[in-house]
2 protein chains.
Amino acid sequence: MVQYTDLDSSFAALSDATRRGVLEQLGRADASITELAGKFHMTLTGMKKHVGVLEQAGLVTTQKVGRVRTCKLGLRGLEEEAAWIERHCLLWDARFNELDKVVEELKRKEKADAPKNRE
Amino acid sequence: MVQYTDLDSSFAALSDATRRGVLEQLGRADASITELAGKFHMTLTGMKKHVGVLEQAGLVTTQKVGRVRTCKLGLRGLEEEAAWIERHCLLWDARFNELDKVVEELKRKEKADAPKNRE
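Residues numbered from 1 in each chain as written. Chains lettered and ligands numbered in written order. Predicted model: local features only at pLDDT ≥ 70, side-chain atom pairs only at ≥ 80, totals over all residues. Heavy atoms only, no water.

**Overview of the interface of chain A and chain B**
Listed by partner, the interface residues are 34 residues for chain A and 34 residues for chain B. For the pair chain A and chain B, the two sides together bury roughly 3000 Å², of which 66% comes from carbon and sulfur. At the junction of chain A and chain B, the tally comes to four salt bridges. Between D8 of chain B and R20 of chain A there is a salt bridge, with its nearest N and O atoms 2.9 Å apart. Linking chain A with chain B are 16 residue pairs in polar contact (both at pLDDT 80 or more). Listing elements by their share of the side of chain A that touches chain B, those giving two or more residues are α1 (7-14), α2 (17-28) and α5 (79-118) of chain A. Looking at side-chain class alone, the side of chain A that touches chain B contains 18 nonpolar, five polar and 11 charged residues. (Contact = heavy atoms within 4.5 Å. Buried area = accessible area lost by both parts, 1.4 Å probe. Salt bridge = Lys/Arg side-chain N within 4 Å of Asp/Glu carboxyl O. Polar contact = N/O pair within 3.5 Å; in protein donor to acceptor, adjacent residues only side chain to side chain. Helix = DSSP H or I, 4+ residues; strand = E, 2+ residues; numbered from the N terminus. Nonpolar A, V, L, I, M, F, W, Y, C, P; charged D, E, K, R; others polar.)

**Examining the relation of the copies chain A and chain B**
Between the two copies of the chain lies a relationship made up of a rotation around an axis and a movement along it. Superposing chain A onto chain B requires a rotation of 180 degrees together with a translation of 0.0 Å along the rotation axis, leaving an RMSD of 0.0 Å. One copy is carried onto the other by what is essentially a two-fold rotation axis. A high fraction, 100%, of the interface residues of chain A reappear at the interface in chain B, so the copies pair face to face through one surface. (Least-squares fit on C-alpha atoms with pLDDT ≥ 70 in both.)

**Some details on the packing of aromatic side chains**
Residue and element names in this part refer to chain A. Going through the model one piece at a time under the given rule, you end up with five aromatic pairs over all chains. An angle of 75 degrees between the planes, with centres 6.5 Å apart, marks the rings of F11 and W84 as edge-to-face. Pair noted here: F11 is in helix α1 and W84 is in helix α5, with a separation of 73 residues, a long-range link. Taken as a pair, F11 and W84 share a single burial class, namely buried. Centre to centre, the rings of W92 and F96 are 4.5 Å apart; their planes meet at 35 degrees, and the pair counts as tilted. Placement of the pair is W92 and F96 together in helix α5, with a separation of four residues, close to one helical turn. By relative accessible area, F96 is classed as buried at 17%. (Phe/Tyr/Trp six-rings, centres within 6.5 Å; stacked < 30°, edge-to-face > 60°. Buried < 20%, exposed > 50% of the residue type's maximum accessible area, 1.4 Å probe, protein only.)

**Concerning the nonpolar core**
With 50 residues, the main nonpolar core has L14 and I85 of chain A together with L14 and I85 of chain B as its most contacted residues. Apart from the residues lying within four places of it in its own chain, the contact partners of I85 of chain B are F11, L14, L78, E81, A82 and I85 of chain A together with F11 of chain B. (Core = buried A, V, L, I, M, F, W, Y, C linked by side-chain atoms within 4.5 Å.)

So, in structure tokens, the structure goes:
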């Protein structure tokens, strides 16, 4: 069953350079499994597996007409994933700003103490 | 060796709800492995493995002082990952806008042809 709201499966699908390449390719034009296999110098079996992972994550849909299976971008985009990463970036910035402040404070104290140490 | 520019390892690190939870937690405050294990109802061994994956991806750093290993957010943020996803969202929007246009065009033609069919 396709889990449309599952960040686990989408991030796992994105953790492979070939699968990211397939998404980029399908962002430009639909393509058959054979075309994708050729483009990424891969066996049909290997490409079928990658497409299967993308399909499970809801990022790609496929349709078989005759002997050709055509792949397109799925109805699911990556908005949830983008939102998660954006939230993390904000937290990350905040943490490192905090750290900067601590370092600045330490430097300030060090300067203030310096004349005393010389006495 | 840590691969700081490796999207594979960072997306793989993000593909687990506990690891995403750990990053959220460390975005609020540093924590020891023991504290994280407690928070996520996990064994120490299980949590060490998750932290190891995050560390390998450069998203977390750890430091052992005495018997306590403290975890912090790593120096690497998720800007590259955010950029990749943003590019995909743009391609995705463009593809579906194209599709919308095709559907609109078909509808328009259908309407235009309708009176002729009735004749």
